[in-house]
Amino acid sequence: MRADEMVNRYFLEAAETIDLPEEYYEVLQSSYRETDVQVPVHRDDGSLSVYRGYRVQHNGARGPYKGGVRYHPAVDISEVRALASLMTWKTALLNVPFGGAKGGVNVDPSELSTRELEALTRRFTASITHVLGPFRDVPAPDMNTNPQVMAWMMDAYSSKNGYTPAIVTGKPLAFGGAPGRRQATGRGVAYTLERALERVGRTPEGMTVAIQGFGNVGSWAALTLRDMGAKIVAISDIRGGIQRMDGINVDRAIEKVEAGGSVVDCADVDLLDSGEVLEVNCDVLIPAALGEVITKENVDDIKVDWIVEGANNPTTPDADQTLFERGVNIIPDILANGGGVTGSYFEWTQNIQQFTWPEEQFNERLREKMRQGVDETFGAADRWGVSPRQAAFAVAIERVAEASKLRGYL
Ligand code: NAD
């Protein structure tokens, strides 16, 4: 199922839950503005490559548009559109004062030199600069973009408009980046689980956890949960998975990955296929790599009681329904991985006011925001008798609809 079809399905179910008038659907489902530009790049060998770049601004009723920019050959307008609307629902659910947007260029950055990547980033930024602004639209990193790419975007924008660090988030710490932002999505995943467990009288202490994906989100979720007393029993990355039921040494696994290797290079562990990590017999599963990995084909092999969606769209709607009926607790993506955009909000506010929080303050505020998101989502799920995912979308849609109505869009 395409990402936009999945998001539409979740939107419609949630809209019914809150009796949203049907005449509001089109304004809330479709994008406000879609910018589609050509991105020519002079290659090092003298040839010219032309890519397509997109910036989709879905809904800005609650604040400036906010969302990442991804560089990937599969980027197209329908994917960017779906991801932009997910950002609208995520920012509303976490109650940060932003709308939703997403951007991307259909390029494989591994084929570009650093000079070519910089040229591409500067050209793309210049082409969409008229729809950006610290109070209009604030990009961030996403798949295959990083603090260096944000630094180039910020510089390209600032060269026309004056020093404007608040134009992007996820910047390097050397100028305007916020200590804690890089770790915020993974830590947020752990904080949502901690609070959801607390609501049923449990703690992460002693719980066994499997994590698919050991990049930014997976590794920081692992470290944070390990520090809360959980046991990380299985992890995987693109090369494969590992398992050790009395606990994997997370620091050692991070060292292997940071040295350019893989989790499969760790010693004293059993090896798994990459997909097998989803089926490990333990308490908690955290998909933190790709979308659509929990499907009707493997849902019957999933044995955990808790799923915390670090990745976007990891569960297909059919599998989601089966898991809900089986009583599996799912902390949905727009809540579980909302620590990233919440951290971006903290960075943006600090940039606007030209000061920097210490990392402890950043983490404390992040934890508060994530706990509040869990209480609002699970509280609404109990009240309406629906799944936490349906409740998360419904709470978000209610907030965006109210702001849109007050501003005269509905
Ligand atoms: P990353 O590139 O740092 O890490 C991705 C990890 O997934 C790597 O360990 C990689 O080896 C692994 N992987 C890739 N293909 C795999 C496969 N086929 N099987 C198993 N593992 C595989 O990315 P990230 O920033 O950690 O993002 C992970 C997910 O979280 C993505 O879905 C992303 O959209 C989502 N997300 C990230 C953020 C953020 O702030 N980084 C915020 C919200 C959502």
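Bear in mind the structure is a predicted one, so any value in this text is a computation, not a measurement.

**Digging into the overall build of the protein**
Scanning the protein from terminus to terminus reveals 13 helices and 12 strands. A principal-axis box enclosing the C-alpha atoms of the protein has dimensions of 55 × 55 × 40 Å. The proportion of buried residues among the 410 residues of the protein is 60%. In the protein, the share of contacts with a sequence separation of at least 24, taken over all contacts with a separation of at least 6, comes to 68%. For the protein, the accessible surface area stands at approximately 16,600 Å², while carbon and sulfur atoms represent 45% of it.

**Observations regarding helix α11 (residues 339–353)**
The terminal C-alpha atoms of α11, which comprises 15 residues, lie 21 Å apart, in line with the 21 Å expected from a rise of 1.5 Å per residue. Once α11 ends, the next one or two residues include glutamine 354, with phi positive near 60 degrees.

**Focus: the pairing of strand β8 (residues 240–243)**
Going residue by residue along β8, you find Gly240 and Ile242 tucked away on one face and Gly241 and Gln243 tucked away on the opposite face as well. Where strand β7 (residues 231–237) meets β8, four bridges bridge the pair, whose relative direction is antiparallel. By the bridge assignment for β8, aspartate 237 is matched with glycine 240. Here β7 hands over to β8 after two residues, the two strands then running antiparallel side by side. Relative to strand β9 (residues 270–272), β8 runs antiparallel, the two being bridged by three bridges. Across the sheet, the residue bridging to glycine 241 is leucine 272, located in β9.

**Quick look at helix α1 (residues 3–17)**
Taking 1.5 Å per residue, 15 residues should reach 21 Å; α1 reaches 22 Å between its end C-alpha atoms and fits that length. Along its buried surface, α1 packs onto α2 (25–29), α3 (77–93), α9 (317–325) and α13 (388–406). At the exit of α1 stands aspartate 19, carrying a positive phi of roughly 50 degrees.

**Some points on the site of the ligand**
Surveying the vicinity of the ligand reveals 18 residues, the closest of which are Thr185, Phe214, Asn216, Val217 and Ser274. Within the side chain of threonine 185, one N or O atom sits 2.6 Å away from an oxygen atom of the ligand. A total of 830 Å² of accessible area belongs to the ligand in isolation, and the protein chains cover 71% of it. Of all the secondary structure elements, the ones that give two or more residues to the shell around the ligand are α7 (216–227) and β7. Its residues assigned to classes, the shell around the ligand shows seven nonpolar, 10 polar and one charged.

**Quick notes on the environment of leucine 271**
Within the secondary structure, leucine 271 is located in strand β9. The class for leucine 271 is exposed, based on a relative accessible area of 59%. Along the primary structure leucine 271 and methionine 87 are separated by 184 residues, whereas in three dimensions their C-alpha atoms are 36 Å apart. Filtering out sequence-adjacent residues up to four positions away, leucine 271 remains in contact with Gly241, Ile242 and Val264.

**Notes on the sheet that holds β9**
Hydrogen bonds along the backbone pair up the strands of a sheet, which may run parallel or antiparallel. Reading across from one edge, β9-β8-β7-β6-β10-β11-β12 is the order of the seven strands in this open sheet, with mixed pairing throughout. With partners counted over all chains shown, the strands left at the sheet margins are β9 and β12 (329–331), one partner each. Each adjacent strand pair in this sheet contributes to an overall mean axis angle of 20 degrees, direction not counted. Pairing geometry for strand β11 (residues 306–308) and β12, over three bridges, is parallel.

**What about the sheet that holds strand β4 (residues 100–105)?**
If you trace the five strands from one edge of the open sheet to the other, you get β1-β2-β4-β3-β5, paired in mixed fashion. With one partner strand each, in any of the chains shown, β1 (33–42) and β5 (137–141) form the two edges of the open sheet. When strand polarity is set aside, the average angle formed by the axes of neighbouring strands in this sheet is 20 degrees. Judged from the six bridges that link them, strand β2 (residues 48–59) and β4 form a sheet pairing that is antiparallel. Bridged to tyrosine 54 within β4 is glycine 104.

**A closer look at the pattern of salt bridges**
A full pass over the atoms with the stated rule returns 31 salt bridges. Taken together, the shared-partner salt bridges in this structure form one network comprising Glu194, Arg195, Glu198, Arg199, Arg367, Arg371, Asp375 and Asp382.

**Structural notes on the packing of α1 against α9**
Axis separation between α1 and α9 bottoms out at 11 Å; the angle between their running directions is 45 degrees. Viewed along their axes, α1 and α9 adopt a mutual orientation that is oblique. Facing Met6, Arg9 and Tyr10 of α1, the residues of α9 in contact are Pro317, Asp318 and Asp320. Here the residues of the contact of α1 with α9 are counted per class, giving three nonpolar, no polar and three charged.

**Describing the state of the cysteines**
Put plainly, two cysteines are in a disulfide when a covalent bond ties their sulfur atoms together. This structure, assessed with the given rule, holds zero disulfides. With no disulfide of its own, cysteine 266 lies closest to cysteine 282 among cysteine sulfurs, the gap being 17 Å. Accessibility expressed as a relative area gives 7% for cysteine 282, which makes it buried.

**Regarding the packing of α1 against α3**
Between α1 and α3, the shortest axis-to-axis distance is 8 Å and the interhelical angle comes to 35 degrees. You can see that α1 and α3 cross each other, and the crossing is left-handed. On α3, the residues that touch Ala3, Asp4, Val7 and Phe11 of α1 are Ser78, Ala82, Ser85, Leu86 and Trp89. Its residues assigned to classes, the contact of α1 with α3 comprises six nonpolar, two polar and one charged.

Reading the values: rules and limits
Residues numbered from 1 in each chain as written. Predicted model: local features only at pLDDT ≥ 70, side-chain atom pairs only at ≥ 80, totals over all residues. Heavy atoms only, no water. Helix = DSSP H or I, 4+ residues; strand = E, 2+ residues; numbered from the N terminus. Buried < 20%, exposed > 50% of the residue type's maximum accessible area, 1.4 Å probe, protein only. Contact = heavy atoms within 4.5 Å. Areas by Shrake-Rupley, 256 points an atom, 1.4 Å probe, with all protein chains shown as cover. Expected span 1.5 Å × (residues − 1). Pairing = 2+ DSSP bridges. Near = heavy atom within 4 Å. Polar contact = N/O pair within 3.5 Å; in protein donor to acceptor, adjacent residues only side chain to side chain. Nonpolar A, V, L, I, M, F, W, Y, C, P; charged D, E, K, R; others polar. Axes fitted to C-alpha atoms, helices over the stretch in contact; angles between N-to-C directions. Salt bridge = Lys/Arg side-chain N within 4 Å of Asp/Glu carboxyl O. Parallel < 35°, antiparallel > 145°, perpendicular 65-115°, else oblique. Disulfide = S-S within 2.5 Å. Left-handed = near helix turned anticlockwise from the far one by under 90°.

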